Amino acid sequence: ILLCYINTCNKMNVDPSKIVSTLSMRGSRTKTLKLVPVGANLEFDKIGNQFISTIVLACYNPEYCTFQTVGIMKCIRTMEQHLEGLCDYARPTKAWNYDTNGACDVWFDPVQLWEVEADCDEITESRDFSCASQRNGKGIGFATPVRFIREKDDCDVDNATTSKFILKTYRRWRKARRSTDAIQQGVPIAARTENTCEDTQEDRTQAHQR
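**Remarks on the overall build of the chain**
- Of the regular secondary structure elements, the chain holds 4 helices and 10 strands.
- By residue count, 42% of the 210 residues in the chain fall in the buried class.
- Put simply, 67% of the contacts in the chain that link residues at least 6 apart link residues at least 24 apart.
- For the chain, the exposed surface amounts to about 11600 Å²; the carbon and sulfur share of it is 48%.

**Some details on the packing of aromatic side chains**
- Applying the stated criterion to the full structure yields 5 aromatic pairs.
- Their ring planes at 85° and their centres at 6.1 Å tell us that Phe67 and Tyr98 sit as a pair that is edge-to-face. In this pair, Phe67 sits in strand 3 (residues 66–74) while Tyr98 sits in strand 5 (residues 98–99), placing the two residues 31 residues apart along the sequence.
- Owing to a relative accessible area of 4%, Phe67 belongs among the buried residues under this scheme.
- Centroid distance Tyr98 to Trp107: 6.1 Å. Interplanar angle 45°. Geometry classified as tilted.
- For Trp107, a relative accessible area of 6% translates into the label buried.
- Aromatic rings pair up to connect Tyr60, Phe67, Tyr98 and Trp107 into one cluster.

**Notes on the side chain of Thr169**
- Topologically, Thr169 is positioned in helix 3 (residues 163–185).
- Looking at Thr169, the relative accessible area reads 10%, which means it is buried.
- Contact partners of Thr169, with chain neighbours within four places excluded, come to Lys31, Cys120 and Ile123.

**A word on the pattern of salt bridges**
- Within the structure shown, the criterion is met by 4 salt bridges.
- With a shortest N-O distance of 3.3 Å, Arg150 and Glu115 are connected by a salt bridge. Taken together, the positions of Arg150 in strand 10 (residues 147–151) and Glu115 in strand 7 (residues 114–119) put the pair 35 residues apart, joining distant regions of the chain.
- What makes Glu115 buried here is its relative accessible area of 14%.
- In this structure, the salt-bridge partner of Asp154 is Lys152, at a minimum N-O distance of 4.0 Å.
- The exposure class assigned to Lys152 is buried, which follows from its relative accessible area of 11%.

**Digging into the pairing of strand 7**
- Within strand 7, 6 of the 6 residues are buried, which leaves the element mostly enclosed by the surrounding structure.
- Of the strand pairs in this sheet, strand 7 and strand 10 are connected by 4 bridges, and their pairing is antiparallel. Among the inter-strand pairings, Glu115 is bridged to a residue of strand 10, identified as Arg150.

**Here we look at the environment of Gly139**
- Along the chain, the position of Gly139 falls in strand 9 (residues 139–142).
- The sequence separation of Gly139 and Thr124 amounts to 15 residues, and the corresponding C-alpha distance is 8.3 Å.
- In contact with Gly139, not counting residues within four places along its chain, are Thr124, Glu125, Ser126, Phe129, Ser130, Cys131, Ala132 and Ser133.

**Considering helix 2 (residues 80–87)**
- His82, Leu83 and Leu86 are the residues of helix 2 that are buried. Seen end-on, helix 2 carries its buried residues on one side only, within an arc spanning 100°.

**Comments concerning the state of the cysteines**
- With the rule as written, the count across this model stands at 0 disulfides.
- Take Cys59: it sits in no disulfide, and the sulfur closest to it among the cysteines is that of Cys131, at 3.6 Å.

**Describing the confidence of the model for the chain**
- Confidence along the chain averages 76 in pLDDT terms, with 68% of residues attaining 70 or more.
- Across residues 189–210, confidence stays below pLDDT 50; counting only partners more than four residues off in sequence or on other chains, it has 17 contacts.

**As for unusual backbone geometry**
- If you check the backbone angles, Cys65 has positive phi at about 55° while not being a glycine.
- With respect to the helices and strands, Cys65 occurs in the loop between strand 2 (50–61) and strand 3.
- By relative accessible area, which is 38% here, Cys65 ends up partly exposed.

So, how was this worked out
- Residues numbered from 1 in each chain as written.
- Predicted model: local features only at pLDDT ≥ 70, side-chain atom pairs only at ≥ 80, totals over all residues.
- Heavy atoms only, no water.
- Helix = DSSP H or I, 4+ residues; strand = E, 2+ residues; numbered from the N terminus.
- Buried < 20%, exposed > 50% of the residue type's maximum accessible area, 1.4 Å probe, protein only.
- Contact = heavy atoms within 4.5 Å.
- Areas by Shrake-Rupley, 256 points an atom, 1.4 Å probe, with all protein chains shown as cover.
- Phe/Tyr/Trp six-rings, centres within 6.5 Å; stacked < 30°, edge-to-face > 60°.
- Salt bridge = Lys/Arg side-chain N within 4 Å of Asp/Glu carboxyl O.
- Pairing = 2+ DSSP bridges.
- Arc of directions from axis to C-beta.
- Disulfide = S-S within 2.5 Å.
- pLDDT = per-residue confidence, 0-100.

So this is what it looks like as structure tokens:
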């Protein structure tokens, strides 16, 4: 699937980085994460009349030694070397320690660790992700594609960003968002503080139950 994508772009003499959407980062709201590529999907863009490949990325849950999906990445030409390396570890079914909600056209063994940049304003709950899954079946992840920085060949995959860190980031973002909304709506400071404390206790209770 990845070689098909690369070869298609080469035959068309098109730079893949120009036919896929680029993530618009928002300065201080970005975070650098270390994620593991666990699968890939090849989709045909009817509007652009060309193939687009996406990589499914996962964080690590050290408690259960599993990898949980948290986002996707659009392929670009500068990633060609890393993608070809993954082809040697392609598999028809997902690994036993993959905790995922969705399907992939092709799966990979957990062999590479990628450093990526993600927009914290896009972190959300969705059934597409399995990271820190809630009782409603929704996990936490990034709604827009993350940006590839480099491969962390000096680290093992169990050094990936943890699901606990993703959950902590999401809770901080949610509280900050609520505080911002409260300021815009003119809610008194005391009420904002009280709500924040209640939310914190609720989050701790849910975390303990999980």
